[in-house]
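Next come the chains, spelled out residue by residue.
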Amino acid sequence: MEKTMNVKILDVRDIAPRERHPMIFDTFKGLEPGESFILINDHAPKPLLYQFQNEHDGEFDWWPLEEGPEAWRVEIARRTEPDPDRTVTEYLQTDHRRLDGILNRFQGSVKEGRWEDASREFREFNHGLRRHIRIEESILFPAFEEKTGMHDSGPTFVMRMEHKEIHELLDSILGSADARDEAGVDEGVYAFTNVLANHNMKEENILYPESDAFLSNAERAQVVKRAQAL
Ligand SMILES: [Fe+2]
Ligand SMILES: [Fe+2]
């Protein structure tokens, strides 16, 4: 198996379909807690996700890096502390940290002039953060708004406005990265990280813990499952 950035890669595109799932689950079972591998497939691996949710509830994380049209890449991690009763805070905070890590690697690649790596890393970051925001806006915020009755005011209203700004800043960094403009990337990332760090802190300190407080154990687990399948 190939390795990149110390993460194993399992490309099943040339493997007979009936052999794929056993191979994937064997790879997962071989991971140490905290380790992950990247699965590459030629279609959206939804049935695989459902099998993971049924057979390894709370033991794994599922982070799509690329979703078509030609390849689907997902990072599958073994959690350090398996627990089917996950909180929204733990799940989305883990995603914030994961995304911070990709952005750091992107900045390192830009600094060293490795533009091909930088471009792949920024595409992963962009995909992951937009997906994260979709999870918040289409799954978590509606659940929060329904429980609290706060729609046009309150924390979700503010977070949705900040998401718009985050999308604009992402587009501007993407443009600089495509143009291989190091100064433009630096400037964009500087403005972006200020906005994002502040946004994430508010979510982690206020919105996520409040959501956890309003939701039952079963509802929280449902939020995580729906988010993985989005
Ligand atoms: Fe957010
Ligand atoms: Fe967030």
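Treat the numbers as computed from the prediction; the structure is a model and nothing was measured. (Residues numbered from 1 in each chain as written. Chains lettered and ligands numbered in written order. Predicted model: local features only at pLDDT ≥ 70, side-chain atom pairs only at ≥ 80, totals over all residues. Heavy atoms only, no water.)

Trainee: Account for unusual backbone geometry, naming residues and giving values.
Mentor: Cis rather than trans, the peptide bond between G68 and P69 has omega equal to 0°. As for its position among the elements, P69 is in the loop between β4 (60-67) and β5 (72-78). Although it is not a glycine, R180 adopts a positive phi angle of roughly 50°. (Helix = DSSP H or I, 4+ residues; strand = E, 2+ residues; numbered from the N terminus.)

Trainee: Tell me about the nonpolar core, and please be specific about residues and values.
Mentor: Counting residues in hydrophobic clusters, the biggest one holds 21 residues, and the most contacted among them are F106, F125, L129, I166 and F192. Contributions of two or more residues to this core are made by α3 (88-111), α4 (115-148), α5 (155-178) and α6 (182-214). Counting residues per element, this core draws most heavily on α4, which supplies six residues. Dropping the residues within four chain positions of it, I166 is found in contact with L129, I133, F192, V195, L196 and H199. (Core = buried A, V, L, I, M, F, W, Y, C linked by side-chain atoms within 4.5 Å. Buried < 20%, exposed > 50% of the residue type's maximum accessible area, 1.4 Å probe, protein only. Contact = heavy atoms within 4.5 Å.)

Trainee: Outline a negative patch on the surface, supporting the account with residue identities and numerical values.
Mentor: The grouping of D181, E182, D186 and E187 at the surface amounts to a negative patch. When its relative accessible area of 35% is taken as the criterion, D181 is described as partly exposed. (Patch = residues over 30% accessible without salt bridge, like charges linked within 9 Å, V, L, I, M, F, W, Y side chains within 5 Å. Areas by Shrake-Rupley, 256 points an atom, 1.4 Å probe, with all protein chains shown as cover. Salt bridge = Lys/Arg side-chain N within 4 Å of Asp/Glu carboxyl O. Lys, Arg positive; Asp, Glu negative; His and termini not counted. Charge placed at Lys NZ, Arg CZ, Asp CG, Glu CD.)

Trainee: An account of the environment of P209 is needed here, citing residue identities and associated values.
Mentor: Here P209 shows up in helix α6. Through-space distance from the C-alpha of P209 to that of A16 is 44 Å; in sequence the pair is 193 residues apart. Leaving out residues up to four positions away in the same chain, P209 has contacts with T89, E203 and E204.

Trainee: Can you break down the coordination of the iron ion (ligand 2) residue by residue, with the values?
Mentor: Around the iron ion (ligand 2), the donor atoms from the protein are H96 (NE2), H132 (NE2), E136 (OE), E203 (OE) and Y208 (OH), and they sit 2.0 to 2.3 Å away. When the donor residues of the iron ion (ligand 2) are listed from N- to C-terminus, their spacing reads H-x35-H-x3-E-x66-E-x4-Y. Separating the iron ion (ligand 2) from the iron ion (ligand 1) is a distance of 3.4 Å, and E136 supplies a donor atom to each of them. Of the two residues, H132 sits in helix α4 while Y208 sits in helix α6, which places them 76 residues apart along the sequence. Per residue, the accessibility class of H132 equals that of Y208, and both read buried. (Donors = N, O, S within 2.8 Å, 3.2 Å for Na, K, Ca; no water.)

Trainee: Describe α5, with residues and values.
Mentor: Helix length check: α5 (24 residues) gives 34 Å between terminal C-alpha atoms against 34 Å at 1.5 Å per residue, within 8%. Looking at α5, one finds that the buried residues are P155, T156, M159, E162, H163, I166, L169, L170, I173, S176 and A177. Against the buried residues of α5 lie α3, α4 and α6. (Expected span 1.5 Å × (residues − 1).)

Trainee: Tell me what's going on with the domain arrangement of the protein, and back it up with residues and numbers.
Mentor: If you check the domain split of the protein, you get domain 1 (2-78) and domain 2 (88-229). Computed over C-alpha atoms, the centres of domain 1 and domain 2 are 23 Å apart. The partner domain 2 presents twelve residues to the 15 residues of domain 1 that form the contact. Both sides together, the interface formed by domain 1 and domain 2 hides about 1400 Å², and carbon and sulfur atoms give 52% of it. A per-residue breakdown of the area domain 1 buries against domain 2 is headed by Q53, W63 and L65, which together make up 39% of the total. Across the salt bridge formed by R131 and E67, the nearest N and O atoms sit 3.4 Å from each other. Linking domain 1 with domain 2 are six residue pairs in polar contact (both at pLDDT 80 or more). At the level of secondary structure, the elements contributing two or more residues to the side of domain 1 that touches domain 2 comprise α2 (46-55) and β4. Here the element with the most residues in the side of domain 1 that touches domain 2 is β4; it accounts for eight residues. (Domains from an automatic or database assignment. Buried area = accessible area lost by both parts, 1.4 Å probe. Polar contact = N/O pair within 3.5 Å; in protein donor to acceptor, adjacent residues only side chain to side chain.)

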